[in-house]
Amino acid sequence: MTDTAVEVDQQTRLRLYRLQVELRRFEERAYDLFLENLVKGTSHLSLGQEAVAAGFAVAMRPGDLTFCTYRGHAHTLARGASMTGVMAELLGRANGILGGKGGSMHLTSAEHGAMGSYAIVGAHLPIAAGAAWSAAERASGQIVACFFGDGTTNIGAFHEALNLAAVWRLPVVFVCENNLYMEYTPIASVTAVPNPAADRAAAYGLEPLTIDGNDADAVYEVATRAYERAREGAGPSLIEAKTYRKGGHSRADPGTYRPKNEVAEWLARDPIDRYRARLLESGSGIDEATLERIDGEAQAAVDRATEEAKAGPEPDPDSISTNVWHDGGSAWRN
């Protein structure tokens, strides 16, 4: 991948800031609703990892495809899915983007290129490679971005998907969101190399790429170059974004196994706080009032989505048999 600088103009930077704030406020609200017992099932938040979702999404084009894990709220929203629809889905309401049937771990909005959140670790990497193969065969110009956690790098599907993507030079960008923990286990304690994704890239003829996943500009720049490379037919990329989740693995996990000094160090590198300070110090004319307005608009959007989601009806019990069989129902089998 070339080191050619990517211009991040003022409009793009404001978009990156707005998106990060929206994602943060949305998941903070989702956490509050979980504590109120309104979110059905568990949830896996990406608080602290917003720069990864924002940077890669802003660099994409309409029609490009995103595959992600069960920690997928941010990636789904970043592609433009309805905030109300995602919030309602978490609440199990009929106005959710999947009618309340998918919940937190299975968000999908194909019309926005969000091709699913996958609960089985590593399962979506070969699927993403298949989508990239389809794009290449159709010469559609689409690229595929596939996000996964550090624990996935020790799953067979990781290696199989990377190998096939490299052999066939598929237009797919694999992104490891390395937040240092595979559920409750430090990735470093079960992996032979320091960088679980990047240090394995050479085995598939790929450049080892690591980035600061808490720096939206760095994420956007490497995403832009990787997408361009894929569109030009140069094949896949494997990017390891170093980041950190503010909380535990899921809402049932207090995360107390993490060393206090480690947590404090990473919280001091909060992606939104860093980006806000950079914008104010950039000399580009972006002032406190502009950012305060964006903050207020993001909070208002989350408040509105929350109320609209809460107002949604419970799903009709008969809907349980829809989206299962090819004709939408199971009656033909009886």
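Data block above holds the structure.
Conventions used here
- Residues numbered from 1 in each chain as written.
- Predicted model: local features only at pLDDT ≥ 70, side-chain atom pairs only at ≥ 80, totals over all residues.
- Heavy atoms only, no water.
- Helix = DSSP H or I, 4+ residues; strand = E, 2+ residues; numbered from the N terminus.
- Buried < 20%, exposed > 50% of the residue type's maximum accessible area, 1.4 Å probe, protein only.
- Patch = residues over 30% accessible without salt bridge, like charges linked within 9 Å, V, L, I, M, F, W, Y side chains within 5 Å.
- Areas by Shrake-Rupley, 256 points an atom, 1.4 Å probe, with all protein chains shown as cover.
- Salt bridge = Lys/Arg side-chain N within 4 Å of Asp/Glu carboxyl O.
- Polar contact = N/O pair within 3.5 Å; in protein donor to acceptor, adjacent residues only side chain to side chain.
- Expected span 1.5 Å × (residues − 1).
- Arc of directions from axis to C-beta.
- Contact = heavy atoms within 4.5 Å.
- Phe/Tyr/Trp six-rings, centres within 6.5 Å; stacked < 30°, edge-to-face > 60°.
- 1 Å grid on protein atoms, 1.4 Å probe; cavity = no way out; pocket = protein on both sides within 12 Å on 5 of 7 lines; lining within 4 Å.
- Points joined across faces, edges and corners; volume = space filled by probe spheres on them.
- Nonpolar A, V, L, I, M, F, W, Y, C, P; charged D, E, K, R; others polar.
- Axes fitted to C-alpha atoms, helices over the stretch in contact; angles between N-to-C directions.
- Parallel < 35°, antiparallel > 145°, perpendicular 65-115°, else oblique.
- Left-handed = near helix turned anticlockwise from the far one by under 90°.

### Comments concerning unusual backbone geometry
Here is step 1: In this model, N37 sits at a positive phi of 65 degrees, which is unusual for a non-glycine residue.
Here is step 2: Counting through the fold element by element, N37 comes out in the loop between α1 (10–35) and α2 (50–58).
Here is step 3: Judged by relative accessible area, N37 falls into the exposed class, the value being 61%.
Here is step 4: For A139, which is not glycine, the phi torsion reads 50 degrees and is therefore positive.
Here is step 5: Residue A139 is classed as exposed on the basis of its relative accessible area, which comes to 66%.

### Quick word on a nonpolar patch on the surface
Here is step 1: The grouping of W133, L164, V167 and W168 at the surface amounts to a nonpolar patch, some 420 Å² of accessible area in total.
Here is step 2: For the nonpolar patch, the element with the most residues is helix α6 (residues 156–168), which contributes three residues.
Here is step 3: Of note, V167 is situated in helix α6.

### Let's talk about the side chain of D217
Here is step 1: Here D217 is to be found in helix α7 (residues 216–231).
Here is step 2: Within polar-contact distance, the side chain of D217 engages the side chain of Y275 at 2.7 Å.

### What about the environment of W325?
Here is step 1: With respect to the element layout, W325 can be found in the segment after α10 (288–310).
Here is step 2: According to the relative accessible area criterion, W325 is partly exposed, its value standing at 31%.
Here is step 3: W325 sits 187 residues away from R138 along the chain, and the two C-alpha atoms are 28 Å apart.

### Details of α6
Here is step 1: Over its 13 residues, α6 runs 18 Å from end to end, which matches the ideal 18 Å to within 8%, given 1.5 Å per residue.
Here is step 2: Those residues of α6 lying buried are A157, F158, A161, L162 and A165. An end-on view of α6 places all buried positions within 125 degrees of arc, on one side of the element. Those residues of α6 that are exposed and aimed more than 90 degrees away from the buried face are E160 and V167.
Here is step 3: Those residues of α6 that are buried lie in contact with α5 (124–138), β3 (144–149), β4 (172–178) and β8 (237–242).

### Some details on the packing of aromatic side chains
The geometry of an aromatic ring pair comes down to the distance between the two centres and the angle between the two planes.
Here is step 1: This structure, assessed with the given rule, holds seven aromatic pairs.
Here is step 2: Taken together, a centroid distance of 5.3 Å and an interplanar angle of 10 degrees make the contact between Y244 and W266 stacked. With Y244 in the loop between β8 and α8 (260–267) and W266 in helix α8, this residue pair connects regions lying 22 residues apart in the sequence. Per residue, the accessibility class of Y244 equals that of W266, and both read buried.

### Notes on empty space enclosed by the protein
Here is step 1: Applying the stated criterion across every chain yields a total of two cavities of 30 Å³ or more.
Here is step 2: Taken together, G48, N214, Y244, R245, K246, W266, L267, R269, D270 and P271 make up the lining of the largest cavity.
Here is step 3: By residue class, the composition of the lining of the largest cavity is four nonpolar, two polar and four charged.
Here is step 4: In this structure, the second largest cavity encloses a volume near 30 Å³.
Here is step 5: Lining the second largest cavity are T66, C68, H75, T76, L107, A114, M115, G116 and S117.
Here is step 6: Among the elements of the structure, β1 (65–69), α3 (73–78) and β2 (114–118) are those that each provide at least two residues to the lining of the second largest cavity.
Here is step 7: The element best represented in the lining of the second largest cavity is β2, accounting for four residues.
Here is step 8: Across the lining of the second largest cavity, the residue classes break down as four nonpolar, five polar and no charged.

### Section: the packing of α2 against α7
Here is step 1: α7 packs onto α2 with a crossing angle of 40 degrees between their chain directions and a minimal axis gap of 8 Å. Relative to α7, the element α2 is oriented oblique. In this structure, α2 meets α7 at a crossing whose hand is right-handed. Taken together, the residues of α7 that come into contact with α2 (itself represented by A51, V52, G55, F56 and V58) are A216, V219, Y220, V222, A223 and Y227.
Here is step 2: Looking at the contact of α2 with α7 residue by residue, the class counts come to 10 nonpolar, one polar and no charged.

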